[in-house]
Structure formats: C-alpha cells, structure tokens
Amino acid sequence: MRGMKKRQQGISIVGWLINLLIISVLLTFAVRMAPHYTDDWAVQDVVSSLSDRVGSDTATVAEVRGWIEQGLARSNIVLDDDAISVSRYNGVVMVEIDYERRIKFFHNVELVMTFGHNWNAGI
C-alpha cells in the first residue's frame, strides 16, 4: 500500500505549466476575437433592419447604400468600400456585405476572420 501512495502524487509542475499555457493561448484568442464578432453582430443588425424600413421594396440602390452607411456609422464600424455591394437585379435590390478582419496574434502569426451578410428587398 505504501508504494501505491508514492505513485499517486497528482499533476507535476510541468503539467501545470502546460495547462496554464494552453489556457492562456485560448484566452488570448477569445479576447482578441470578441470585439470583431460584436462588430459583426452590429453589421448583421444593420442588414436585418433594412427589411423594417418603409419603402425598402422600392428604394433605389443609392438610398439602400445610404441606409447601410448610416447604420454602420452609428455603430462606429468602418468597412472598405468594396466590402459593400448594392445592386438591382430584376427590380430587386440586393445587398452583399463580405469582409474580413486580420488580427496580428504574435510575431508573424495572424488570425483571419471572414464575415458575410446578404439581403434582398421584399424577401
């Protein structure tokens, strides 16, 4: 019985350090990515609010683009001009927002997150 007690001593210092390293890397991922996901939720709210606007079925491309830009400005979100595509096809206004966010994680390692939202008038 005494020999068995010596072998069951629990986790070693090296085991604790490895666990601590894994937890800290995962926590760093979460802390660096969370703001970008909250921004994406705001972009999603702007896109979904287009359906609630009166006259969104008959709005021009310029009006819809203006509504999107106003909503993004209200949320302090800056997207590239080429990330937002507003067009009319067969009388239906279509919105596509596709963008990516790059985060420098450490040294030469970057995290890339891609986001995309679509909206069609009257659908």
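Each remark here, short or long, concerns the structure printed above.
In this convention, every chain numbers its residues from 1, walking through the sequence in written order. Whole-chain, interface and lining totals are the exception, using all residues; otherwise, since this is a predicted model, local features are given only for residues with pLDDT of at least 70 and side-chain atom pairs are given and counted only at 80 or more. Water and hydrogen atoms play no part in the side-chain values, which are based on all heavy atoms of the structure.

Draft legend 1. Seen up close, the overall build of the protein chain. The secondary structure content of the protein chain amounts to 3 helices and 3 strands. Across the protein chain, helices and strands are ordered from the amino to the carboxyl terminus as α-α-α-β-β-β. Only C-alpha atoms enter the radius of gyration; for comparison, a globular chain is expected to reach 2.2 Å times N to the power 0.38, where N is the number of residues. At 24 Å, the protein chain has a C-alpha radius of gyration far larger than the 14 Å of a compact globule built from 123 residues. Summarising its shape, the C-alpha atoms of the protein chain cover approximately 85 × 35 × 25 Å along the three principal directions. Three labels apply to residues, based on accessible area from a 1.4 Å probe with only protein chains included: buried if under 20% of the type maximum, exposed if over 50%, partly exposed otherwise in between. Burial status across the protein chain gives 25% buried among its 123 residues. The criterion used for residue contact is that any of the two residues' heavy atoms lie within 4.5 Å. When contacts within the protein chain are restricted to residue pairs at least 6 apart in sequence, long-range pairs at least 24 apart make up 47% of them. Entry remark: accessible area of the protein chain is about 9,100 Å², with carbon and sulfur atoms responsible for 57%. Averaging the positions of the 12 positive and the 14 negative side-chain charges in the protein chain gives two centres separated by 24 Å. Starting at the N terminus, helices and strands are each numbered in turn, a helix being any DSSP run of H or I of at least four residues and a strand any DSSP run of E of at least two. Method for areas: the Shrake-Rupley scheme with a 1.4 Å probe, in which residue coverage is limited to the protein chains shown. Charge assignment in this entry is limited to Lys and Arg as positive and Asp and Glu as negative, and neither His nor the chain termini are counted. For the purpose of locating charges, the reference atoms are NZ of Lys, CZ of Arg, CG of Asp and CD of Glu.

Draft legend 2. Representation of the side chain of Asp 40 in the model. In this structure, Asp 40 sits in helix H2 (residues 13-49). Any carboxyl oxygen of Asp or Glu that lies within 4 Å of a side-chain nitrogen of Lys or Arg is treated as forming a salt bridge with it. Of the side chains bearing the opposite charge, Arg 101 lies closest to the buried Asp 40, which forms no salt bridge; the N-O distance is 8.3 Å. Whenever two N or O atoms come within 3.5 Å, that pair is a polar contact, provided that in protein one can donate a hydrogen and the other can accept it, and provided that, for residues adjacent in sequence, both atoms are side-chain atoms. For Asp 40, the side chain forms a polar contact with the side chain of His 117, separated by 2.6 Å. Excluding residues that lie within four positions of it along the chain, Asp 40 makes contacts with Tyr 99, Phe 115 and His 117.

Draft legend 3. Molecular detail of the nonpolar core. Core analysis: the largest hydrophobic core is formed by 26 residues, its most contacted members being Val 64, Ile 68, Leu 72, Leu 79, Val 95, Ile 97 and Trp 119. Residue contributions to this core peak at 6 residues, all from strand S2 (residues 92-106). Beyond its immediate stretch of four places on either side in the chain, Ile 68 contacts Val 46, Leu 50, Ile 84, Val 86, Val 95 and Ile 97. Here, nonpolar core means buried Ala, Val, Leu, Ile, Met, Phe, Trp, Tyr and Cys residues that are tied together by side-chain atoms lying within 4.5 Å of each other.

Draft legend 4. Region of interest: a nonpolar patch on the surface. In this scheme, patches are assembled from residues that exceed 30% relative accessible area and form no salt bridge. Like charges are connected within 9 Å, while nonpolar side chains (Val, Leu, Ile, Met, Phe, Trp, Tyr) are connected within 5 Å. A cluster of nonpolar residues, Val 14, Ile 18, Ile 22 and Leu 26, forms a patch on the protein surface that exposes about 390 Å² of accessible area. Structurally, Val 14 can be placed in helix H2. Residue class for Val 14 comes out exposed when judged on its relative accessible area of 55%.

Draft legend 5. Layout of unusual backbone geometry. One non-glycine residue, Asn 76, lies in the positive phi region at around 55 degrees. With respect to the helices and strands, the residue Asn 76 is situated in the loop between helix H3 (61-74) and strand S1 (84-89). On the basis of relative accessibility, which here comes to 70%, the residue Asn 76 falls in the exposed class. Of note, Asn 90 is a non-glycine position whose phi angle comes to about 55 degrees, a positive value.

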